[in-house]
Amino acid sequence: MYCKHCGAPLHDGAKFCGTCGAPVPPADGKEQGNDRETEPPVSSALHEDAPDASAEKVHEDQHASEHEERQMVAVPPRDAAVESADTVTERQPATGKSWIHRKAIMIPLVSLIIILAGLYFMGKYLTDPVRTVDAFEQAVEDQNIDKLKGMIYTYEDVKMTDTQVKAMLAWFKNDPDTYSDIVQSLENTAHAANHVRYGHTPYYLHKAGKQYLLFDHYQIATELIYPEVTTNLKNMVIGITGAGKGKTAEKAESNSPQTIKLDGVIPGIYTFYGHSDAMDQTKKKTLTSDDRQVDFSGTYISLSSNIPVAELYVNNKDTGKTVAQSGEWGPFKKDDTPTFYARYTANGHSIQSETVSVSDESDYDTVTLDEAESDGIDLYFEDVENGDFYTLDGTDNQANMETLKTYFDDYYNANASAVSYGEMDHFASFFETGTDFSNSQLKSAQKFYDNGVTESINSYDLDNLKSQGKGLYSVEANESWDETITDDETGDRKDITFTLKNTYQLKETAPGELKIVGMKIEDRKVQTTSESEAY
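Residues numbered from 1 in each chain as written. Predicted model: local features only at pLDDT ≥ 70, side-chain atom pairs only at ≥ 80, totals over all residues. Heavy atoms only, no water.

> What should I look at first to understand the pairing of strand 13 (residues 317-322) in this one?
In summary, the side chains of a regular strand alternate between the two faces of the sheet. The pairing of strand 12 (residues 311-314) with strand 13 spans three bridges and is antiparallel. Bridge assignment links Glu311 to a residue of strand 13, and that residue is Thr322. (Pairing = 2+ DSSP bridges. Helix = DSSP H or I, 4+ residues; strand = E, 2+ residues; numbered from the N terminus.)

Listed below in structure tokens is the structure:
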């Protein structure tokens, strides 16, 4: 059985054509609007009495009927075609809507997948550690401070400043070998499996959290360095230029330095400063994890002289202090090269010590600052060794008394020699030449000698030394003398012991020349007398 609409074979019992969807007529051949089978047969109507002809006619009619049936199968009746078309029209919209619905879902889904895949690969590209390293190298080459500030990471999460980035760049420029090592480490880490850190350079590649939710975020990491600055200058303000406020060394002393820890900064070359009343210093320092110490201690040099009261000159300038008053002088910077000498003036006359120069290298004529600091400097006056040289200091009575003890030892011996043996020259050196006082002392000694008197000092002590200004001093002396008097006529000798209380006035008339310019006997007592036989 075949479809009357399209001619396709039909399965038994099929109600619709499987090819075109047209309805299949019932098996008895009846169709709506078709009355062919009600018509009488043609053979009976035309040739009832002619069998041969009628048989042939029947055969022709039968053939025509079959041809008509085939035509009906090939071209269905108008009503059936309309019905089939309506049926197809009714089925087609259902199939189109389903496809459109599926298409409306699939297209955005595919687009989303494409977009997400694009974003993923874009994010992977943007967060590639190799790209981070390349960007860092380019920023260093371009000296791009703003970009580098956003690339440097510290564990303390300290915000980068221009000063710190400039310090890093200055270090890279000053030490290209170190920068080369850093770059090599960064590149090796970026290409290594799992980006494991390569080497131990001060700047390295570090994974710092996530970026775009999915990808590891890489930065150039480093560790903060906390500089430690030492000074022995009280109240020195210490800091890094351009890096916050300075700190004050309130507890520092010349012999007790204080160390101050400054805020952390990234490795690089920084300018440190130290400001104080005594000395201002600046110093450039490369800060690394192994080298963070900065010393702003001043160098103090201890001073001595064989004339402690001599005025101290440093760098050819009068300090206004004597060598004894200074004790030590400073502070000096580590690279200073000062010169020292002392000048001693008395009664308008001056002498000068040898000059000591500090140099970067020690030789015969100079010393280094370290040597001067450890050994001190002696400002030596050669004149002190030439004969009797005495100086007095108006601020140090103890030293003066020691000086006068030596002086009066010499004076009393010279006095005894002048009286006993007529040796006047040495005795005369203790007085100003040509003065009335000098003349009277020499005349008295000569008279005692002429009269055969001999003297020797038994003991003495000095007390109540006073400075009267303008190089004039007074001192009290309690003296005990042994004296022998010989009678010129009889030759008899008389031994006596007497005590004197004298007040001497002394004056330094020139450097090292101490003269007795006055003497007043306050008391004289004879303790014993004895007679002796003549020779």
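> Would you mind showing me how to read the pattern of salt bridges here?
Note on pairing: side chains with opposite charge can pair once their charged atoms come close. The tally for this structure, following the rule as stated, stands at seven salt bridges. A salt bridge links Lys149 to Asp162, with the nearest nitrogen and oxygen atoms 2.8 Å apart. Here Lys149, found in helix 5 (residues 145-149), pairs with Asp162, found in helix 6 (residues 162-174); they are 13 residues apart in sequence, far enough to count as distant. Owing to a relative accessible area of 28%, Lys149 belongs among the partly exposed residues under this scheme. Using a relative accessible area of 35% as the deciding quantity, one classes Asp162 as partly exposed. (Salt bridge = Lys/Arg side-chain N within 4 Å of Asp/Glu carboxyl O. Buried < 20%, exposed > 50% of the residue type's maximum accessible area, 1.4 Å probe, protein only.)

> Whenever I open this one, a negative patch on the surface confuses me. Can you help?
A grouping of Asp335, Asp360, Glu361, Asp363 and Asp365 is seen on the molecular surface, where their side chains present a negatively charged patch. Following the sequence through the fold, Glu361 ends up in the loop between strand 17 (356-358) and strand 18 (366-367). (Patch = residues over 30% accessible without salt bridge, like charges linked within 9 Å, V, L, I, M, F, W, Y side chains within 5 Å. Areas by Shrake-Rupley, 256 points an atom, 1.4 Å probe, with all protein chains shown as cover. Lys, Arg positive; Asp, Glu negative; His and termini not counted. Charge placed at Lys NZ, Arg CZ, Asp CG, Glu CD.)

> What exactly am I supposed to notice about the side chain of Ser353 here?
Following the sequence through the fold, Ser353 ends up in the loop between strand 16 (349-352) and strand 17. Residues within four places of Ser353 in sequence aside, it is in contact with Tyr341, Ala342, Leu379, Tyr380 and Phe381. (Contact = heavy atoms within 4.5 Å.)

> Got a minute to help me understand a nonpolar patch on the surface in this structure?
Where nonpolar side chains cluster on the molecular surface, the patch consists of Met106, Leu109, Val110, Ile113 and Ile114 and spans about 470 Å² of accessible area. Within the secondary structure, Val110 sits in helix 3 (residues 78-126).

> So what exactly am I meant to see when it comes to the packing of helix 4 (residues 129-142) against helix 7 (residues 176-191) here?
Viewed as axis vectors pointing N to C, helix 4 and helix 7 meet at an angle of 160 degrees, and their least axial separation amounts to 8 Å. In terms of orientation, helix 4 and helix 7 fall into the roughly antiparallel class. Judged by the sense of rotation from one axis to the other, the crossing of helix 4 with helix 7 is left-handed. Where helix 4 approaches helix 7, its residues Pro129, Val130, Val133, Phe136, Glu137 and Val140 are matched on the opposing element by Tyr179, Val183, Leu186, Glu187, Ala190 and His191. Tallied by class, the residues present in the contact of helix 4 with helix 7 amount to nine nonpolar, one polar and two charged. (Axes fitted to C-alpha atoms, helices over the stretch in contact; angles between N-to-C directions. Parallel < 35°, antiparallel > 145°, perpendicular 65-115°, else oblique. Left-handed = near helix turned anticlockwise from the far one by under 90°. Nonpolar A, V, L, I, M, F, W, Y, C, P; charged D, E, K, R; others polar.)

> Can you help me understand the packing of helix 6 against helix 7 in this one?
Working note: a packed helix pair is described by the angle between its axes plus the distance between those axes. Two elements in contact, helix 6 and helix 7, have axes separated by 5 Å at closest approach and are oriented at 105 degrees. The angle between helix 6 and helix 7 places the two elements in the roughly perpendicular class. Counted together, Trp171, Phe172, Lys173 and Asn174 of helix 6 and Pro176, Thr178, Tyr179 and Ile182 of helix 7 form the full contact between these two elements. In terms of residue class, the contact of helix 6 with helix 7 is made up of five nonpolar, two polar and one charged.

> Help me understand unusual backbone geometry in this model?
Residues apart from glycine generally show negative phi values, whereas peptide bonds are mostly found in trans. For the bond running from Gly330 to Pro331, omega is 5 degrees, close enough to zero to count as cis. Even without being glycine, Asn315 reaches a positive phi, approximately 55 degrees. By secondary structure assignment, the location of Asn315 is in the loop between strand 12 and strand 13. For Asn316, which is not glycine, the phi dihedral falls at a positive 65 degrees.

> Please explain the environment of Thr231 as it appears in this structure.
Secondary-structure assignment places Thr231 in strand 4 (residues 228-231). Among the residues examined, Thr231 registers a relative accessible area of 0% and is labelled buried. At a separation of 3.1 Å, a polar atom in the side chain of Thr231 contacts the main-chain amide nitrogen of Leu233. (Polar contact = N/O pair within 3.5 Å; in protein donor to acceptor, adjacent residues only side chain to side chain.)

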